[in-house]
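Architecture at a glance
Listed below are the residues making up each chain.
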Amino acid sequence: MSIDETGQYVVEILHQRIFAAVTAITLQSVPVAAKALRNGELVAIPTETVYGLGANALDRSAVANIFAAKNRPSFDPLIIHQSSADRILAYAKEVPAEARLLAAKVWPGPLTLVLPKKKEVPDLVSAGLATVALRVPDHPLTLELLAAVDFPVAAPSANPFGFVSPTSAQHVQDQLGEKIDYILDGGACRVGLESTIVGFPGGVATVLRKGGLPVEKIEEILGHPVVVKTHSNSQPEAPGMLSQHYSPGVEMWIAEKLNVLYPYPSGSAAIIFGNEHQIMQDDRKLDVFNLSPSSDLNEAARNLFAVLREISKADYPVVIAYPVPEEGLGLAINDRLRRAAARE
Ligand code: AMP
Ligand code: MG
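Reference entry: report on the structure contained in this document.

Definitions and limits used
- Within any chain, residue numbers begin from 1 and follow the written order of that chain's sequence.
- Written order determines the labels here, with chains lettered from A and ligands numbered from 1.
- A pLDDT threshold of at least 70 governs which residues receive local features in this predicted model, and a stricter bar of 80 or more applies before side-chain atom pairs are shown or counted, although totals over entire chains, interfaces and linings include all residues.
- To obtain the side-chain values, all non-hydrogen atoms of the structure were included, while hydrogens and water were left out.
- Each helix corresponds to a stretch of at least 4 residues labelled H or I by DSSP, and each strand to a stretch of at least 2 residues labelled E; elements are numbered beginning at the N terminus.
- Partly exposed residues are those whose accessible area sits between 20% and 50% of the maximum for their type, while under 20% is buried and over 50% is exposed, using a 1.4 Å probe and protein chains only.
- For this analysis, residues touch if any pair of their heavy atoms sits within 4.5 Å.
- Here the open area of atoms and residues is found with the Shrake-Rupley method and a 1.4 Å probe, where only the protein chains shown may cover a residue.
- Between any two strands, pairing holds if DSSP finds at least two bridges.
- Axis geometry follows a simple rule: fit a line to the C-alpha atoms, using only the stretch in contact for helices, then measure angles between N-to-C directions, giving values from 0 to 180 degrees.
- Call a crossover right-handed when, viewed with both strands pointing away from you, the route from the first strand across the helix to the second goes clockwise.
- Any angle that falls under 35 degrees is termed roughly parallel, while one over 145 is termed roughly antiparallel, one within 65 to 115 roughly perpendicular, and all others oblique.
- Left-handed describes a crossing in which the near helix is turned anticlockwise from the far one by less than a right angle; the clockwise case is right-handed.
- Gly falls in the polar group here, along with every residue not listed as nonpolar (Ala, Val, Leu, Ile, Met, Phe, Trp, Tyr, Cys, Pro) or charged (Asp, Glu, Lys, Arg).

A count of helical and extended segments in the chain gives eleven helices and 15 strands. Looking at the 344 residues of the chain, the share that counts as buried comes to 54%. In the chain, 65% of the contacts between residues at least 6 apart in sequence involve partners at least 24 apart. On the chain, roughly 14900 Å² of surface is accessible, and the fraction owed to carbon and sulfur atoms is 52%.

As a further point, take the sheet that holds strand β1 (residues 25–27). Where strands meet in a sheet, backbone hydrogen bonds hold them as pairs that are either parallel or antiparallel. Strand order in the open sheet formed by eleven strands is β1-β8-β2-β3-β7-β4-β6-β5-β9-β10-β11, with mixed pairing between adjacent strands. The two strands at the open ends of the sheet, each matched to only one other strand, are β1 and β11 (227–228). In this sheet, strand β6 (residues 131–135) lies alongside strand β4 (residues 79–81) in parallel orientation, the contact comprising three bridges. Within β6, the position partnered with I79 by the bridge is A133. Here helix α3 (residues 60–70) sits on the sheet and contacts β3 (52–56) and β7 (153–154); the angle it forms with β3, its principal contact strand, is near 155 degrees. Seen against the sheet, helix α5 (residues 97–106) touches β5 (111–116) and β9 (196–199) and runs at an angle of roughly 155 degrees to β5.

Here we come to unusual backbone geometry. With an omega of -5 degrees, the peptide bond running from W107 to P108 counts as cis. One can find P108 in the loop between α5 and β5. Here S295, not a glycine, exhibits a phi torsion of approximately 55 degrees, which is positive. By the element assignment, S295 lies in the loop between β14 (287–290) and α10 (297–313).

What follows deals with the pairing of strand β10 (residues 206–209). In this structure, β9 lies alongside β10, joined through three bridges in antiparallel fashion. Residue pairing for β10: I197 is matched across the bridge by R209. Joining the antiparallel neighbours β9 and β10 is a turn of six residues, in which G202 adopts a positive phi near 60 degrees. The sheet contact formed by β10 and β11 spans two bridges and is parallel. Bridging from a neighbouring strand, V207 pairs with V228 of β11. Crossover connection from β10 via helix α9 (residues 215–222) to parallel β11: handedness right-handed.

What follows is about the pairing of β3. Within β3, five of the five residues are buried, which leaves it mostly tucked inside the rest of the structure. Across three bridges, the pairing between strand β2 (residues 43–45) and β3 is antiparallel. Paired with I45 across the bridge in β3 is G52. What sits between the antiparallel neighbours β2 and β3 is a turn of six residues. Here β3 runs beside β7; their pairing, made up of two bridges, is antiparallel. Directly across from N56, in β7, lies its bridge partner V153.

Right, let's get into the environment of E276. Residue position: E276 is located in the loop between β13 (269–272) and β14. Once the C-alpha coordinates of E276 and S294 are considered, the two residues, 18 residues apart in sequence, prove to be 9.2 Å apart.

We now examine the packing of α10 against helix α11 (residues 330–341). For the pair α10 and α11, the least separation of the axes is 9 Å and the interaxial angle reads 20 degrees. Classified by the angle between their axes, α10 and α11 sit roughly parallel to one another. Helix-helix and strand crossings are classified by hand; for α10 and α11 the assignment is left-handed. Where α10 abuts α11, its residues L297, A300, A301, L304, F305 and L308 lie against G330, I333, R336, L337 and A340. Among the residues forming the contact of α10 with α11, the class breakdown is nine nonpolar, one polar and one charged.

This is the structure we're talking about:
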């Protein structure tokens, strides 16, 4: 970037600071975002999964600001990011062969590896655990940003704790604009679901969170079935995997539990998948949100959080969600739907 361009950004930023003092500055300049991170500021960053709320992972006060902005409890550890497998695995004390294989095949991509951490990663990042979560995200702007800084970037999803994850710069602005400094705008997220998290407790590859990388893909790479550990409220295997999450703030039911509810109140909404879908109808009319008219799970994943967000803005007495096919990305989509509907 030339001095002229930098000057132009500075003027633009001053302008926005004056006229929009209570919102974050949206920009596309990697050098400006890198400078902000070096200064210990918060920058929301685009990734292929969802937008992250980034800060220098080695700067304790910057990391503390992430927790404060999100209202995130300190027992919920953060994922740290860098631009290549070598650069991010440098923060792990040991790297099992299967972790290395997954990293080589998937990164940059929607996979997070949980590995024993080196001392230089602050305990605040790992919530006091002996392990740390590592990822190389797949987005050109963010890869450029990560390459430009000499520290890992801690970045949880850029939403207030417990709410729906953001899949566009505008979503971040709507939810956290008053609390953060910058948003690097990289357009809409290509995958739309958080990363799949894999750890190696007892040396065994274990999926700790279902996400944007299908479990089948992991099994194909490793050549054997993997353990999938579902969360529980009292003893979350991946801390932060609370059953109630992604809350759209309205009463939501999963269709498999509909017997509790049917007939639904008038003016309710339904989340469906595919045009062939049969909605259990009575004579009342439902507002219908179709995650993918062409029954494509990738498209459904991309649309999921935007649909939950739209629903949260309306005033539906009840929202009924129909599970999608339990395969590929469908596992993670159903997981998010169930947690959005969970009551405890
Ligand atoms: P987010 O970045 O908001 O999608 O959340 C990060 C999630 O990664 C946390 O809520 C945990 O579920 C998981 N995680 C991060 N670090 C660890 C770790 N050391 N061990 C297990 N899970 C982790
Ligand atoms: Mg999150």
